[in-house]
Amino acid sequence: MTESTIRWEKGADNIVTLTLDDPQQSANTMNDRYTKSMHDTVERLEKEKADIAGVIITSAKKTFFAGGDLRDLIKVKPENAQEMADGGKLLKGDLRKLETLGIPVVCALNGTALGGGLEIALSCHRRVALNNPKAQFGLPEVSLGLLPGAGGIVRTVRMLGIQNALMNVLMQGQRMKVDKALKVGIIDEVVDSEEEMIAKAKEFILANPKCQQPWDEKGYKIPGGTPSTPKFAANLPAFPANLRKQLKGANYPAPKNIMAAAVESAQVDVDNAFKIEERYFIDLVTGQVAKNMINAFFFNLQAINGGASRPKDVPKFTAKKVGVLGAGMMGAGIAYVTAMTGSEVVLKDISVENAEKGKDYSRKLLDKAISRGKMTEEKKEQVLSLITATADAKDLEGVDFVIEAVFESTELKHKVFQEIEDVVLPDAVLGSNTSSLPITGLAKGVKKQDNFIGIHFFSPVDKMPLVEIICGKDTSPEVLAKTYDYCLQIRKTPIVVNDARGFFTTRVIGTFANEGIAMLGEGVSAASVEQAAQQAGYPVGTLKLIDEINMGTALKISKAAEDDAKRDGTPPPPHHPAGDVMKKMVEELDRPGKLQGKGFYDYPEGGKAKLWPGLKDAFGDSTEIPMEDMKERMLFIEAMEAVKCFEEGVIESVADANIGSIFGIGFPGWTGGVIQYINQYEGGLKGFVTRAQELAAKYGDRFNPPALLVEKAEKGEIFE
Ligand code: NAI
């Protein structure tokens with residue numbers, strides 16, 4: 001017999017405490033043993049309930065219960081969906097029995113309860129939580145393309161009302177701290193100690209000897225109404241429009257299914273409501289999007305943050321004193337994230353005033369955090385005291401990790417490294433945050449080229465989770481390992497790529513920007529171009545993105561690539577129609593981008609950016625391209641550029657490519673990343689190649705699939 005994952009203890013007061021404590025794992029997660037233990041436990045409660053005053057469910061682990069086992073979920077196919085659903089039904093049935101035993105059941109939440117964990121809690125009659133600042137509560141299934149399928153929709157809708165449940169819990173999968181969870185209403189009470197938690201649970205049991213859920217009481221009505229109550233019905237037509245707005249027009253199945261399940265299940269009794277929830281859950285779990293998202297947001301991320309691309313056999317490194325050269329937008333952000341995680345930072349610029357301005361950026365972010373109740377004055381002072389603003393290279397003495405973030409110029413970068421190379425520790429990492437200059441060339445400016453590496457952050461540094469690490473020709477494995485460790489230290493996700501102009505991310509996103517601009521040049525209306533990107537699931541439209549980057553900068557980067565080719569005697573980069581559009585925008589129309597307040601968009605002071613009406617006269621707007629073609633032109637061109645990066649050895653890991661594309665450059669999350677998009681395309685790689693050839697015939701040679709892709713398609717392989 002397998003050991004139970006639930007401990008049963010009955011006290012003299014006839015209260016049964018069920019302690020969730022899987023003996024085989026460090027955390028409680030839903031698996032077959034849990035479903036079985038839960039079933040046995042509920043059967044025993046049912047048998048013995050005449051002698052039981054009430055039940056307390058708690059956990060012996062640090063967290064209460066973490067959710068489902070994604071390894072099982074990702075394997076579900078239409079053929080075995082019913083089997084999985086039956087397992088789910090068993091659990092759902094047991095949770096339903098638990099809430100209808102006729103005796104009070106209280107959940108004592110000692111820590112995090114997410115997904116299935118919160119669903120257990122929701123089936124109890126009361127939730128008392130420990131005031132644990134690390135604990136998180138929520139139903140994050142939507143972020144993996146799923147929905148909470150063990151009654152999570154049915155119960156939150158009944159507890160909070162349809163609108164509140166959708167907006168505050170279900171549609172965005174918010175992970176809430178204890179105060180927020182209390183405010184939203186998914187927990188009932190917060191206490192300061194474990195003893196108090198149990199005492200409060202017992203108090204509730206004694207005060208409510210015959211307990212049932214509000215929705216099992218006669219005459220119960222869902223707060224805020226249902227589609228059959230007139231007031232709610234009047235608001236219902238706005239639901240799909242709000243959903244579209246929230247999803248920016250993108251076609252994600254999970255939020256749509258969640259909304260449909262919530263609205264439909266609110267109109268029937270609880271048992272039928274479960275059936276509706278289950279139907280929508282099976283639809284998602286057997287579909288491709290959930291698999292893509294689980295793959296990227298769980299398995300790929302776990303592999304990367306677990307050190308998959310870090311050289312083994314190098315001892316773990318902790319950066320103690322970090323030198324940041326250049327206190328502009330990027331340098332200031334890097335100083336902030338480094339000091340926030342407890343390392344000393346020396347922030348150097350050409351003048352102390354500039355450096356202090358960079359330090360002020362941290363002050364502003366910390367003040368903002370204080371105003372939101374997320375930071376204390378004491379911690380703020382502690383973080384600020386770690387940052388030394390200076391113009392003096394000598395202050396970099398003792399630095400073990402350098403990150404340069406001065407203007408994008410090889411000469412200047414060489415100069416600032418030379419100033420500090422002999423001051424910092426002899427084995428200090430010399431990192432550059434360049435966004436486009438080849439690392440091997442930059443390394444030529446220092447004596448110890450094996451200590452040199454690219455460490456490419458994304459803006460704004462405090463918000464963007466990705467860092468792209470770029471190895472130059474001579475970068476040593478120790479320096480790569482140290483850089484990897486530093487990224488994890490500052491809680492970022494590092495991907496590792498090899499040196500090339502634009503590395504991986506800048507190169508891939510460049511093709512997306514160019515494709516949108518090319519469509520504009522073909523006479524497609526600017527609004528349609530932006531809409532295509534949004535419908536494909538990109539966070540921003542192409543034209544807005546290029547305004548941010550600035551067309552002057554983009555033209556300079558392509559000019560530099562042409563100069564490189566001339567110098568190296570390699571073929572020049574092929575002519576791209578986007579270049580002509582950008583030249584016209586910059587040279588004829590004097591509209592280079594957001595910085596100047598005028599690009600593809602107008603940027604009125606204090607107002608909202610609006611597409612510039614003059615685009616119609618400049619490029620026309622009468623060309624019509626099917627929406628599907630527009631979306632796929634953007635997705636395909638990026639995916640194929642990623643394949644070229646594999647061909648050229650710029651990137652070697654599929655997980656790095658997928659995660660880099662989603663978290664660094666906004667490739668749509670539902671795809672599972674730029675390579676997963678190809679792997680799962682309808683018809684597999686063969687289907688992808690055929691569609692690429694079709695796009696090439698219609699829109700230009702740049703859509704011809706790269707040789708590596710064709711070869712893999714012919715062999716029936718995928719990218720692994
Ligand atoms: P920025 O113009 O905001 O800041 C550059 C700073 O370097 C200025 O404060 C300037 O005074 C300082 N500086 C110039 N000469 C110096 C010297 N000799 N010693 C010390 N400091 C000096 O530029 P930003 O945007 O922060 O970019 C910096 C680097 O990061 C560039 O290489 C850029 O390509 C790269 N990058 C920029 C991203 C962005 O979104 N802005 C994203 C990723 C990388």
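All residue numbers refer to positions counted from 1 along the written sequence of the respective chain. Residues qualify for local features only when their pLDDT is at least 70, as the model is predicted, and side-chain atom pairs are given and counted only at 80 or more; totals for whole chains, interfaces and linings, by contrast, use all residues.

Student: Explain the overall build of the chain to me, please; I cannot follow it from the model alone.
Tutor: Each helix and strand counted, the chain has 30 helices and 18 strands in total. Dimensions of the chain, computed from C-alpha atoms along their principal axes, come out at roughly 90 × 60 × 55 Å. To sort residues by burial, count the other C-beta atoms lying within 10 Å of each one's C-beta; a count of 20 or more means buried, 12 or fewer means exposed, and anything in between means partly exposed. C-beta atoms are built from the backbone. Going through the 720 residues of the chain one by one, you find that 47% of them count as buried. Placing a C-beta atom from the backbone of each residue, one calls two residues in contact when those atoms lie within 7 Å. In the chain, the share of contacts with a sequence separation of at least 24, taken over all contacts with a separation of at least 6, comes to 73%. Counting from the N terminus, the helices are DSSP H or I runs at least four residues long and the strands are E runs at least two residues long.

Student: I would appreciate a short explanation of the pairing of strand β6 (residues 126–130) in the present structure.
Tutor: Strand residues, when the strand is regular, have side chains that alternate between the two faces of the sheet. Burial runs high along β6: four of the five residues are buried. In this sheet, β6 lies alongside strand β4 (residues 105–109) in parallel orientation, the contact comprising four bridges. Across the sheet, Leu 109 pairs through a bridge with Ala 129, a residue of β6. Judged from the three bridges that link them, β6 and strand β8 (residues 189–191) form a sheet pairing that is parallel. Considered in β8, the bridge of Ala 129 is made with Val 190. The pairing criterion for strands is at least two bridges between them, as found by DSSP.

Student: Would you take a moment to explain the site of the ligand for this structure?
Tutor: Only the C-beta atom matters for this test: placed from the backbone, it must lie within 6 Å of a molecule or strand for the residue to be near it. Neighbouring the ligand are 23 residues; Gly 326, Gly 328, Met 330, Ser 435 and Ser 459 lie closest to it. Among the elements of the structure, α14 (329–340), α17 (410–421) and β14 (452–457) are those that each provide at least two residues to the shell around the ligand. Of all the elements, α14 adds the most residues to the shell around the ligand, at three residues. Taken together, the residues of the shell around the ligand break down into eleven nonpolar, nine polar and three charged. Classification convention: Asp, Glu, Lys, Arg as charged; Ala, Val, Leu, Ile, Met, Phe, Trp, Tyr, Cys, Pro as nonpolar; all other residues, Gly among them, as polar.

Student: Honestly, the packing of helix α21 (residues 526–536) against helix α22 (residues 542–549) in this entry has me stumped. Any pointers?
Tutor: A pair of packed helices is captured by two measures, namely the crossing angle of their axes and the spacing between those axes. Helix axes use the C-alpha atoms of the stretch in contact, all axes being lines fitted to C-alpha atoms, and the angles between their N-to-C directions lie in the range 0 to 180 degrees. Between α21 and α22, the shortest axis-to-axis distance is 7 Å and the interhelical angle comes to 95°. With respect to α22, the axis of α21 lies roughly perpendicular. Touching Ala 526, Val 529, Glu 530 and Ala 533 of α21 are Thr 542, Leu 543 and Lys 544, all from α22. Here the residues of the contact of α21 with α22 sort into four nonpolar, one polar and two charged. In what follows, roughly perpendicular refers to angles from 65 to 115 degrees, roughly parallel to angles under 35, roughly antiparallel to angles over 145, and oblique to any angle outside these ranges.

Student: Honestly, the sheet that holds strand β10 (residues 344–348) in this entry has me stumped. Any pointers?
Tutor: In a beta sheet, neighbouring strands pair by backbone hydrogen bonds and run either parallel or antiparallel. Pairing is mixed across the open sheet formed by eight strands, whose spatial order is β11-β10-β9-β12-β13-β14-β15-β16. Edge positions in the sheet fall to β11 (387–390) and β16 (493–498), since each of these pairs with one other strand and no more. Averaged over all pairs of adjacent strands, the angle between their axes in this sheet comes to 25°, without regard to strand direction. Looking at chain direction, β10 and β11 are connected through four bridges and run parallel.

Student: Would you explain the sheet that holds strand β3 (residues 54–59) in this entry?
Tutor: Pairing is mixed across the open sheet formed by six strands, whose spatial order is β1-β2-β3-β4-β6-β8. Edge positions in the open sheet fall to β1 (6–10) and β8, since each of these has one partner strand only. The average undirected angle you get between the axes of adjacent strands in this sheet is 20°. Relative to β3, strand β2 (residues 15–20) runs parallel, the two sharing six bridges. Each bridged residue has a counterpart across the sheet, and for Val 16 the counterpart in β3 is Val 55. Strand contacts of helix α1 (residues 32–48): β1, β2 and β3, with the helix running at about 20° to β1, the strand carrying the most contacts.

Student: When you look at the environment of Asn 704 in this model, what are you seeing that I'm missing?
Tutor: Note that Asn 704 resides in the loop between α29 (684–699) and α30 (707–715). For Asn 704 and Lys 245, which are 459 residues apart along the polypeptide, the C-alpha to C-alpha distance reads 35 Å.

Student: Quick question: what am I supposed to make of the domain arrangement of the chain here?
Tutor: Often, the extent of an interface is quoted as the loss of accessible area upon association of its parts. Reported domain spans reflect what an automatic or database domain assignment gives. Each assigned domain of the chain is listed here: domain 1 (6–291), domain 2 (321–501) and domain 3 (505–715). Distance between the C-alpha centres of domain 2 and domain 3: 29 Å. Among the elements of the structure, β15 (466–471) and β16 are those that each provide at least two residues to the side of domain 2 that touches domain 3. Here the element with the most residues in the side of domain 2 that touches domain 3 is β16; it accounts for five residues.

Student: Just to check I follow, could you spell out helix α11 (residues 253–265) for this structure?
Tutor: An α-helical turn contains 3.6 residues, so a residue and the one three or four places further along point in the same direction. Take the number of residues in a helix, subtract one, and multiply by 1.5 Å to get its expected span. Across its 13 residues, α11 extends 18 Å between first and last C-alpha, which sits within 8% of the 18 Å expected from 1.5 Å per residue. All buried positions along α11 are accounted for by Ala 254, Pro 255, Asn 257, Ile 258, Met 259, Ala 261, Ala 262 and Ser 265. Those residues of α11 that are buried lie in contact with α5 (152–160), α6 (162–170), α10 (238–246) and α12 (270–285).

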